[in-house]
Amino acid sequence: MKKILIAAVSALLVGALAVSFTACAKQERMRVVDVMLTGEQYCYAVNNEKTDELMTNINNALKKLVGSKPYNPELDPTTDAEGISYDYTGDGVAEEKVTIKALYDAEEAGTLGTIGSDFLTSLPSGADRNQYLVVATNAEFPPFESTSGDSFTGIDMHVAKILAQELHRELVILDMDFEVVIQTVNNGNADLGMAGLTYNETRAQMVTFSLPYYQTTQRIAVRESDYHLFENCTNEAEVRAVIEGMGNISAGGADGQSGYAYIAGDVNFGEKFVGFDNVTAKGYTSVALAVRDLSLGKVKFVAADKDTLQDAVDTTNESIGA
């Protein structure tokens, strides 16, 4: 009995020390390594049984919002889109001709705001689905979708409101984990998936993708104490060489997203997604949570889409301070 009691007390002490260590772990500021790793295009996902009329209307709207090519603020920040009339400022006074570029620029400037309160978060019982546009999203992916108070904000969420306006339907937004967005569209519980979705062959077997509307690239973020390892890198091969020379390490990415696929390997996303033999991929429900663990030193780097990664790093660095 005495031995059992001692063992129990020892286990409690070890657990308490582990909790204490985690609580006292010092966060470190981080930096994004400014080297493009991959190129990807975002699309919206449509239920396969609703691809005729719904997809036609969505693609027609996207042609007005995007123009002849997906918006690419990094390599070509111009657009020939004609725009759609929409009150994106929310002032209720006048509508503006809005494009994806205009929404992106407003988000970058901090002037985009929320989509207001004119939406539902569930479909009413017995509702006629033709009267509603049901959107599945993961509102933890700024600047494309996030929450602000009781409302939603971000580029995709404003496009969702524009599409509902164009289709003369009431907007329903279902917020869920990223990994189940495609499945929710596939099983018909949502008409449309809007979550910074990168086209890949596996997903294309489950849903039909819209025209691409945004061009992005992958980046990695590291702690400031490791940044010197990457500061002379000018291309992806050099970044990979540094990572492969770091020994056995772990790295973080959001489950189901391109960043996790880049670390773990998933050629469905493209030929560059071959993974790393020396890196253990750790999955998180959001990029922000992965970045928080990076700041605590629990992973060596985080991979994610450029805009969302930079937003998460800036937000966490701000909370850490100088």
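Residues numbered from 1 in each chain as written. Predicted model: local features only at pLDDT ≥ 70, side-chain atom pairs only at ≥ 80, totals over all residues. Heavy atoms only, no water.

**Structural notes on the nonpolar core**
Counting residues in each nonpolar core, the largest one holds 42 residues, and the members touching the most others are Leu133, Leu171, Leu192, Met194 and Tyr213. Taken together, the elements giving at least two residues each to this core come down to β2 (39–46), α2 (53–66), β3 (84–86), α3 (100–109), β5 (132–137), α4 (155–167), β9 (170–175) and β10 (192–198). It is α4 that provides the largest number of residues to this core, a total of eight residues. Excluding residues within four positions of it along the chain, leucine 133 makes contact with Leu54, Ala160, Leu163, Ala164, Leu167, Arg169, Glu170, Leu171, Val172, Asp191 and Leu192. (Core = buried A, V, L, I, M, F, W, Y, C linked by side-chain atoms within 4.5 Å. Buried < 20%, exposed > 50% of the residue type's maximum accessible area, 1.4 Å probe, protein only. Helix = DSSP H or I, 4+ residues; strand = E, 2+ residues; numbered from the N terminus. Contact = heavy atoms within 4.5 Å.)

**Quick look at the sheet that holds strand β8 (residues 151–153)**
Strand order in the open sheet formed by three strands is β6-β7-β8, and the pairing between neighbours is antiparallel. Lying at the two open borders of the sheet, with one neighbouring strand each, are β6 (140–141) and β8. Note that β6 and strand β7 (residues 145–148) share two bridges and pair antiparallel. What sits directly across from phenylalanine 141, in β7, is glutamate 145. (Pairing = 2+ DSSP bridges.)

**Concerning the side chain of aspartate 191**
Within the secondary structure, aspartate 191 is located in the loop between α5 (181–186) and β10. With a relative accessible area of 0%, aspartate 191 lands in the buried category. There is a polar contact of 2.8 Å between the side chain of aspartate 191 and the side chain of arginine 129. Beyond its immediate sequence surroundings of up to four residues, aspartate 191 is in contact with Ala45, Val46, Asn47, Lys50, Leu54, Arg129, Tyr132, Leu133, Val134, Arg169 and Val185. (Polar contact = N/O pair within 3.5 Å; in protein donor to acceptor, adjacent residues only side chain to side chain.)

**Digging into the UniProt feature "domain: Solute-binding protein family 3/N-terminal" (unreviewed entry) in the protein**
As annotated by UniProt and renumbered to match this structure, "domain: Solute-binding protein family 3/N-terminal" (unreviewed entry) occupies residues 132–320. For residues 132–320, the end-to-end C-alpha separation is 43 Å, with 33% helix and 30% strand making up the annotated structure. (UniProt positions renumbered as here; feature names shortened; annotations may be inferred.)

**Some words on the packing of helix α9 (residues 287–295) against helix α10 (residues 306–320)**
The description of two helices packed together rests on the angle between their axes and the distance between the axes. One can describe the packing of α9 onto α10 by two numbers: an axis separation of 9 Å at closest approach and a directional angle of 50°. The angle between the axes of α9 and α10 places the two elements in the oblique class. α9 and α10 meet at a crossing whose hand is right-handed. Along the contact surface, α9 presents Val287, Ala288, Val291 and Ser295, while α10 presents Thr308, Leu309, Ala312, Val313, Thr316 and Ile320. Across the contact of α9 with α10, the residue classes break down as seven nonpolar, three polar and no charged. (Axes fitted to C-alpha atoms, helices over the stretch in contact; angles between N-to-C directions. Parallel < 35°, antiparallel > 145°, perpendicular 65-115°, else oblique. Left-handed = near helix turned anticlockwise from the far one by under 90°. Nonpolar A, V, L, I, M, F, W, Y, C, P; charged D, E, K, R; others polar.)

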